[in-house]
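Structural characterization, general
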Amino acid sequence: MNYWTVIPAAGQGKRMNAGISKQWIELLGKPVLAHTLDVFEKDPACAGIILVGSEQELQQMQNFVQTFQYTKVRQIVPGGEERQQSVYEGLKKVPEDADLVLVHDAARPFITIDSIGQLVNKAVDTGSAVLAVPVKDTVKRVVQHQVEETIDRSSLWAVQTPQAFRLSIVKRAHEEADSDGYLGTDDASLVERIGETVAIVMGDYHNIKLTTSDDLLYGQAILLERQGEKA
Ligand SMILES: Nc1ccn([C@@H]2O[C@H](COP(=O)(O)OP(=O)(O)OP(=O)(O)O)[C@@H](O)[C@H]2O)c(=O)n1
Ligand SMILES: C[C@](O)(CO)[C@H](O)COP(=O)(O)O
């Protein structure tokens, strides 16, 4: 099934502390945003992309999309203070007749068409699905540097993007979160709180989000490994 994608790219990358927003950092000579957009541009099932940028970077983003000749970027819209608000602004621009919408962080450039396909198939069946990987570390709840509890990790998954939803569901979830003043760290949590079920699809440990500077080193290694596989 065809899908639309909202790509939030309006963050400031404070934790990366690179002096520029994360999407403009170059990995093997190409901006992070280009690595991300290339995947959706190449996926025949992707019908269109809504790109969300910060107000100050909209012109830069327009120029970038023209330079890289992305044909599927239908609109570039200004985002908000928080990721959730940026996604909400993007969702408002997805055509009403779209069935399925994916939300994907610009800062997760290592997503593959294969993972997207598996996610889309699940969301078509269930209405909402997210990519995630089982947590590998032992996780403890800590208060004031003292362990309160060791959490049973057998049911813990680290959730990624893309997250795929029927458009009507995710729009309702965002509308309700907005009117209730609820702020979540991903879109699925908004869908969960309106009582919808969210399915998990096994993701890929390489689908990291570039958050701090050490992620750049790992990211370059992922790209080099993929280049080697192609050669
Ligand atoms: N107001 C915001 C905040 C984040 N994002 C986007 O949401 C994705 C994931 O967010 P995160 O990693 O938290 O990015 P930043 O907010 O840029 O990072 P930081 O919190 O370190 O400033 C990124 O692609 C980012 O550009 C967004 O569109 N609008
Ligand atoms: C949406 C997300 O990528 C899921 O892992 C993530 O929650 C967004 O950013 P943050 O780093 O948690 O603020």
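Predicted model, so just to flag it, every value in this text is computed and none were measured. (Residues numbered from 1 in each chain as written. Chains lettered and ligands numbered in written order. Predicted model: local features only at pLDDT ≥ 70, side-chain atom pairs only at ≥ 80, totals over all residues. Heavy atoms only, no water.)

**Digging into the overall build of the protein chain**
Heads up, the rule is: Numbering of helices and strands runs from the N terminus, with a helix taken as a DSSP run of H or I at least four residues long and a strand as a DSSP run of E at least two residues long. Radius of gyration: over C-alpha atoms. The globule rule applied is 2.2 Å multiplied by the number of residues raised to the 0.38 power. To sort residues, take the accessible area from a 1.4 Å probe on protein chains only and compare it with the maximum for the residue type: under 20% means buried, over 50% means exposed, and anything in between is partly exposed.
Of the regular secondary structure elements, the protein chain holds seven helices and 11 strands. For 231 residues, the compact-globule estimate of 2.2 N^0.38 gives 17 Å, and the C-alpha radius of gyration of the protein chain, at 18 Å, lies within 12% of that figure. Along the longest, intermediate and shortest principal axes, the C-alpha atoms of the protein chain span 50 × 40 × 35 Å. A total of 231 residues make up the protein chain; the buried ones form 48% of that total.

**Side note on the UniProt feature "site: Transition state stabilizer" (unreviewed entry) in the protein chain**
Heads up, the rule is: UniProt positions are given in the numbering used here, feature names are shortened, and annotations may be inferred rather than shown by experiment. Cavity: a set of points on a 1 Å grid over the protein atoms alone where a 1.4 Å probe fits but cannot get out. Pocket: an open set with protein on both sides within 12 Å along at least five of seven lines, its lining residues, like those of a cavity, having an atom within 4 Å of a point. Contacts are assigned to residue pairs that have any heavy atoms within 4.5 Å of one another.
Per the UniProt record, the feature "site: Transition state stabilizer" (unreviewed entry) sits at Arg15 and Lys22. Lining residues of the largest pocket drawn from the annotated set just named are Arg15 and Lys22. Looking at the element boundaries, Arg15 is found in the loop between strand 1 (3-9) and strand 2 (26-27). Excluding anything up to four places from it in sequence, Arg15 contacts Lys209, Thr211 and Thr212. Turning to its location among the elements, Lys22 is positioned in the loop between strand 1 and strand 2. Judged by its relative accessible area of 13%, Lys22 falls in the buried class. Setting aside residues up to four positions removed in sequence, Lys22 forms contacts with Gly13, Met16, Val32, Ala107, Lys209, Leu210 and Thr211.

**A few points about the UniProt feature "site: Positions MEP for the nucleophilic attack" (unreviewed entry) in the protein chain**
The criterion, for reference: Between N or O atoms, a polar contact is any pair within 3.5 Å; within protein, one atom must be a potential hydrogen donor and the other a potential acceptor, and residues adjacent in sequence are included only when both atoms are from side chains.
Taken from the UniProt record, the annotation "site: Positions MEP for the nucleophilic attack" (unreviewed entry) applies to Arg153 and Lys209. Of the annotated residues named above, the ones that line the largest pocket are Lys209. By the element assignment, Arg153 lies in the loop between strand 9 (146-151) and strand 10 (157-166). Among residues more than four places away in sequence, those in contact with Arg153 are Val135, Lys136, Asp137 and Thr138. Only 2.9 Å separates the side chain of Arg153 from the backbone oxygen of Lys136, close enough to count as a polar contact. You can see Lys209 is positioned in the loop between strand 11 (199-202) and helix 7 (214-230). The exposure class of Lys209 is partly exposed, given its relative accessible area of 23%.

**Examining the site of ligand 1**
For clarity, the cut-off: Proximity criterion: a residue is near a molecule or strand once any of its heavy atoms comes within 4 Å of it. Note that accessible areas follow from Shrake-Rupley with a 1.4 Å probe, and for residues the cover is restricted to the protein chains shown. Throughout, a molecule is located in a cavity or pocket provided that more than half of its atoms lie within 2 Å of its grid points.
Near ligand 1, the surroundings consist of 18 residues, among which Gly13, Lys14, Lys22, Ser86 and Lys209 are the closest. At 2.7 Å, a side-chain N or O of Lys209 approaches an oxygen atom of ligand 1. About the coverage of ligand 1: the protein hides 88% of its 560 Å² of free accessible area. Judged by the proximity of its atoms to the pocket grid, ligand 1 belongs to the largest pocket.

**A word on the layout of surface pockets**
Inclusion rule: Grid points are joined across faces, edges and corners, and a volume is the space filled by probe spheres set on the points. Each residue gets one of three labels, nonpolar for Ala, Val, Leu, Ile, Met, Phe, Trp, Tyr, Cys and Pro, charged for Asp, Glu, Lys and Arg, and polar for the others, Gly among them.
Estimates place the volume of the largest pocket at around 1100 Å³. The wall of the largest pocket is formed by 37 residues, among which Gly11, Gln12, Arg15, Glu82 and Arg83 lie closest to the centre. Going through the elements one at a time, strand 1, helix 3 (83-91) and strand 10 are the ones with two or more residues in the lining of the largest pocket. Looking at which element gives the most residues to the lining of the largest pocket, the answer is strand 10, with four residues. For the lining of the largest pocket, the class distribution of residues is eight nonpolar, 17 polar and 12 charged. As a volume, the second largest pocket reaches approximately 480 Å³. As for the second largest pocket, its lining consists of 17 residues, and the residues nearest its centre are His35, Lys42, Leu223, Arg226 and Lys230. Among the elements of the structure, helix 1 (32-42) and helix 7 are those that each provide at least two residues to the lining of the second largest pocket. Top contributing element to the lining of the second largest pocket by residue count: helix 7, with five residues.

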